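Fold and contact review
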Amino acid sequence: MTPSDPADAATNPEMLIVRISETKDRAAYAALFTRFAPKVKAFVMGQGLTAQEAEDLAQDALLNVWRKAHLFDPSKASAVTWIYSIARNMRIDAARKAKRVRDLPEDLWQGDGERAADDQLCDAQTARSVAALMDTLPVEQKTILRLSFYEDLSHGDIAKALSIPLGTVKSRLRLAMTRLRMGFDTVSGDRV
């Protein structure tokens, strides 16, 4: 087959994604799905998912290919790389979500029981110290800390939300954590 052969264009993943992007071509999507769903399923099963979990993730990944086809740039990556990157990122997100769920107590409303008064006092003092230290941070660092720890956003999501580079988010977060740690060590040392 030559590169200009119409049969090649009909099965070329890059061309299929372009057709999906430009015209929402269902036949192109069906061809892409038929070709890649089993491969993506096998790929994520190799990362420890059960067959059912892998099938669900493969379907979701290929649904994202449909939804995000307009974002595909053949100059940055091949279609195969792009599709597997979507699946890989979804696998990572699923693992993070599973970890958060696994770390939650069975009954979120059930307390830890009665705690000693001195433990409660120490916790209250720590909370006040952290709040006071947070007030000393520049507003940019405080905002990133709040988004990261209180709103549980990823660094990438914070960068998008604030329209700043990912590296800036990471450096501001690192600076803020360093300042808090140094300030907390100072406060803790005063109490001893």
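None of the values given here were measured: they were computed from a predicted structure. (Residues numbered from 1 in each chain as written. Predicted model: local features only at pLDDT ≥ 70, side-chain atom pairs only at ≥ 80, totals over all residues. Heavy atoms only, no water.)

**Some details on the nonpolar core**
Stated formally: Side-chain atoms within 4.5 Å link the members of a nonpolar core, which is a set of buried Ala, Val, Leu, Ile, Met, Phe, Trp, Tyr and Cys residues. Residue burial is assigned from relative accessible area. The probe radius is 1.4 Å, only protein chains are included, and a residue is buried under 20% of its type maximum, exposed over 50%, and partly exposed in between. Helix and strand assignments come from DSSP, with helices taken as H or I runs of at least 4 residues and strands as E runs of at least 2, each series counted from the N terminus.
By size, the foremost hydrophobic cluster in this structure holds 27 residues, and its most contacted members are Ile17, Leu32, Val65 and Ile83. For this core, the secondary-structure elements that each account for two or more residues are helix H2 (13-23), helix H3 (26-45), helix H4 (51-67) and helix H5 (79-103). One finds Leu137, Ile158, Val169 and Leu180 within the second-largest nonpolar core, a separate group that totals 13 residues.

**With respect to the packing of aromatic side chains**
Just so we agree on the cut-off: In this scheme Phe, Tyr and Trp rings, the latter by its six-membered ring, pair at centre separations within 6.5 Å, and the angle between planes marks the pair as stacked below 30 degrees, edge-to-face above 60, and tilted otherwise. Only Lys NZ and Arg CZ are tested; either one counts as a charge over a ring when it is within 6 Å of the ring centre and within 35 degrees of the ring normal.
This structure, assessed with the given rule, holds 4 aromatic pairs. Each ring, one from Tyr29 and one from Trp66, has its centre 5.2 Å from the other, and the planes form 75°; the classification is edge-to-face. Of this pair, Tyr29 sits in helix H3 while Trp66 is found in helix H4, placing the two residues 37 residues apart along the sequence. We note that Tyr29, like Trp66, is buried. Measuring from centroid to centroid gives 5.1 Å for Phe43 and Tyr84, while their planes differ by 85°, and the two rings are edge-to-face. Pair noted here: Phe43 is in helix H3 and Tyr84 is in helix H5, with a separation of 41 residues, a long-range link. Judged by its relative accessible area of 28%, Phe43 falls in the partly exposed class. Each member of the aromatic cluster is reached from another via a ring pair, and the members are Tyr29, Phe33 and Trp66. For the cation-ring pair, Lys24 lies above Trp66, with the distance from its terminal atom to the ring centre recorded as 5.1 Å. Sitting over the ring of Phe36, Lys39 keeps its end group 5.7 Å from the ring centre.

**Some points on the packing of H3 against H4**
For clarity, the threshold we go by: Axis lines are fitted through C-alpha atoms, for helices just across the contact stretch, and the angle between N-to-C directions can take any value from 0 to 180 degrees. The crossing is said to be left-handed when, going from far helix to near helix, the turn is anticlockwise and less than a right angle, and right-handed when the turn is clockwise. The contact criterion used is simple: two residues touch if any of their non-hydrogen atoms lie within 4.5 Å. Asp, Glu, Lys and Arg are counted as charged, while Ala, Val, Leu, Ile, Met, Phe, Trp, Tyr, Cys and Pro are counted as nonpolar; the rest, among them Gly, fall into the polar class.
At a closest axis distance of 8 Å, the pairing of H3 and H4 adopts a crossing angle of 140°. Crossing of H3 over H4 shows right-handed handedness. Residues Arg26, Tyr29, Leu32, Phe33, Phe36, Ala37, Val40, Lys41, Val44 and Met45 of H3 touch H4, and the partners they reach there are Ala51, Ala54, Glu55, Leu57, Ala58, Gln59, Leu62, Leu63, Val65 and Trp66. Taken together, the residues of the contact of H3 with H4 sort by class into 16 nonpolar, 1 polar and 3 charged.

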